[in-house]
Amino acid sequence: MDLGLAGKVAIVTGASRGIGRAIALRLAAEGMDVALVARSGTLLDEVRREIDALGREAVAFPADLRDPEAPARVVAATSGALGRLDLVVNNAGATKRGDFLALTDEDWADGFALKFFGAVRMTRAAWPLLQAVGGAVVIIAGNGGRTGDREFAIGGTVNAALGLLTKALADRGIADGVRVNTINPGIVETDRFQARLKRLVDETGVGEAEAYDRMRAAHRVARFGRPEEVADLVAVMASGRVGYLQGAVVDLDGGETRTL
Ligand SMILES: NC(=O)c1ccc[n+]([C@@H]2O[C@H](COP(=O)([O-])OP(=O)(O)OC[C@H]3O[C@@H](n4cnc5c(N)ncnc54)[C@H](OP(=O)(O)O)[C@@H]3O)[C@@H](O)[C@H]2O)c1
């Protein structure tokens with residue numbers, strides 16, 4: 001199926017590894033040029049080279065998206081380097097886990113600074129360019145925004161706020177011709193997941209397969225997700241083929257979320 005993305009331009013935040021890297025590569029495979037954002041310039045360069053090998057153009061913008069000025073700088077640089085902007089994927093995120101009574105004001109502010117305000121500022125700066133071409137925004141939030149977890153108060157609250165932001169921006173997007181949708185992944189098998197699995201192996205002394213199965217059973221799913229699955233859904237959401245998709249918050253979590 002041709003998604004009609006060839007020749008278009010995307011910004012992907014958190015593109016240096018994990019889900020964001022998979023998204024950037026998938027969009028390039030669909031023929032998009034991609035602006036890559038994260039703090040590590042070295043890792044971004046590796047992704048840039050992989051995209052070059054696919055025959056598409058990529059530019060790397062190392063930036064700390066907690067800096068309030070960074071998103072507007074990235075949007076201006078993308079438009080300068082790649083000439084247009086059709087898609088923003090707000091993926092960068094890192095929120096501290098832990099007991100509510102141990103989490104500080106700084107932990108809360110830090111979680112919101114990157115994942116929530118980074119997405120707000122990036123989308124606001126990009127909006128006029130997206131409006132000019134009938135573009136789209138995809139937010140990678142997380143299913144912790146649907147179901148409370150005592151150890152995930154910050155991340156869950158940020159993800160829930162992003163869900164409502166999606167609805168508010170979609171309401172504006174109806175008038176402006178910009179589509180805004182969100183994916184709520186469950187656990188995805190990134191490097192971070194592998195480190196968590198290894199910790200469980202070290203702590204319990206069970207084998208890796210048994211550790212995986214215990215985690216899987218605790219989450220009541222058949223398996224965990226792969227970064228490429230999130231990337232495939234982003235590509236479809238960005239495509240005009242599903243132009244009726246507006247303001248959707250889609251759980252991609254193997255059925256873990258059982259509420260409406
Ligand atoms: N993996 C999961 O199981 C899962 C589940 C649900 C939701 N999610 C969400 O999906 C998104 C991606 O997750 P992931 O697992 O792929 O994360 P990850 O492997 O930790 O990657 C995070 C990305 O964000 C970038 N980043 C971190 N802090 C940044 C900052 N201050 N400024 C700019 N970029 C920054 C990182 O690069 P640098 O460190 O170089 O800056 C990296 O590229 C996150 O928003 C996460 O909350 C993940």
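The rules we used
Residues numbered from 1 in each chain as written. Predicted model: local features only at pLDDT ≥ 70, side-chain atom pairs only at ≥ 80, totals over all residues. Heavy atoms only, no water. Domains from an automatic or database assignment. Contact = heavy atoms within 4.5 Å. Buried area = accessible area lost by both parts, 1.4 Å probe. Salt bridge = Lys/Arg side-chain N within 4 Å of Asp/Glu carboxyl O. Polar contact = N/O pair within 3.5 Å; in protein donor to acceptor, adjacent residues only side chain to side chain. UniProt positions renumbered as here; feature names shortened; annotations may be inferred. Helix = DSSP H or I, 4+ residues; strand = E, 2+ residues; numbered from the N terminus. Near = heavy atom within 4 Å. Areas by Shrake-Rupley, 256 points an atom, 1.4 Å probe, with all protein chains shown as cover. Phe/Tyr/Trp six-rings, centres within 6.5 Å; stacked < 30°, edge-to-face > 60°. Buried < 20%, exposed > 50% of the residue type's maximum accessible area, 1.4 Å probe, protein only. Patch = residues over 30% accessible without salt bridge, like charges linked within 9 Å, V, L, I, M, F, W, Y side chains within 5 Å. Lys, Arg positive; Asp, Glu negative; His and termini not counted. Charge placed at Lys NZ, Arg CZ, Asp CG, Glu CD. Expected span 1.5 Å × (residues − 1). Pairing = 2+ DSSP bridges. Axes fitted to C-alpha atoms, helices over the stretch in contact; angles between N-to-C directions.

**Structural notes on the domain arrangement of the protein chain**
- Per the domain assignment, the segments of the protein chain are domain 1 (9–188 + 226–252) and domain 2 (189–224).
- A separation of 27 Å is found between the C-alpha centroids of domain 1 and domain 2.
- Each partner contributes residues to the interface: domain 1 has seven residues there, and domain 2 has seven residues.
- Area buried by domain 1 at its contact with domain 2 is led by Ile 187, Val 188 and Arg 226, which between them contribute 69% of it.
- Between the two partners, domain 1 and domain 2, sit one salt bridge.
- Taken together, the connections running from domain 1 to domain 2 amount to two residue pairs in polar contact (both at pLDDT 80 or more).

**Overview of the UniProt feature "domain: Ketoreductase" (unreviewed entry) in the protein chain**
- The feature "domain: Ketoreductase" (unreviewed entry), as annotated in UniProt, sits at residues 8–150 in this numbering.
- Secondary structure across residues 8–150 comprises 47% helix and 17% strand; the distance between its end C-alpha atoms is 42 Å.

**Thoughts on the site of the ligand**
- The immediate surroundings of the ligand are formed by 27 residues, with Ser 16, Ile 19, Arg 39, Asn 91 and Lys 115 found nearest.
- Gly 14 has a polar backbone atom sitting 3.1 Å from an oxygen atom of the ligand.
- The contact in question runs from an oxygen atom of the ligand to an N or O atom on the side chain of Lys 115, over 2.8 Å.
- Within the complex, the protein chains bury 90% of what would otherwise be the 890 Å² of accessible surface of the ligand.
- Elements that contribute at least two residues to the shell around the ligand include exactly helix H1 (18–29) and helix H4 (105–133).

**Describing the packing of aromatic side chains**
- For the structure shown, the criterion picks out five aromatic pairs.
- Taking the centre distance of 5.8 Å and the plane angle of 70° together, the rings of Phe 112 and Phe 116 count as edge-to-face. Taken together, the residues span about one helical turn, with Phe 112 and Phe 116 both in helix H4 at a distance of four residues.
- For Phe 112, a relative accessible area of 18% puts it in the buried group.
- Overall, the relative accessible area of 15% leaves Phe 116 in the buried class.
- Through successive ring pairs, a cluster of aromatic residues spans Phe 112, Phe 116 and Phe 117.

**Thoughts on a positive patch on the surface**
- On the surface, Arg 17, Arg 39, Arg 192, Arg 196 and Arg 199 cluster together into a positively charged patch.
- With respect to the helices and strands, Arg 192 occurs in helix H6 (residues 191–204).
- Exposure remark for Arg 192: the relative accessible area of 67% places this residue in the exposed category.

**Some remarks on H6**
- For H6, spanning 14 residues, the distance from its first C-alpha to its last is 20 Å, which sits close to the expected 20 Å at 1.5 Å a residue.
- Downstream of H6 by one or two residues, Gly 205 has phi in the positive range, about 80°.

**Details of H1**
- Compared with the 16 Å implied by 1.5 Å per residue over 12 residues, the 17 Å span of H1 between its first and last C-alpha is a close match.
- Every buried residue of H1 is listed here: Ile 19, Gly 20, Ala 22, Ile 23, Ala 24, Leu 25, Leu 27 and Ala 28.
- Of the residues flanking the end of H1, it is Gly 31, one or two places downstream, whose phi is positive at about 100°.

**Thoughts on the sheet that holds strand S3 (residues 58–62)**
- Here we have seven strands laid out as an open sheet, ordered S3-S2-S1-S4-S5-S6-S7, and parallel in their pairing. Unpaired on one side and paired on the other, S3 and strand S7 (249–252) mark the two borders of the sheet. Averaged over all pairs of adjacent strands, the angle between their axes in this sheet comes to 15°, without regard to strand direction.
- Pairing geometry for strand S1 (residues 9–13) and strand S2 (residues 33–38), over five bridges, is parallel. Note on S2: the bridge partner recorded for Ile 11 is Ala 35.

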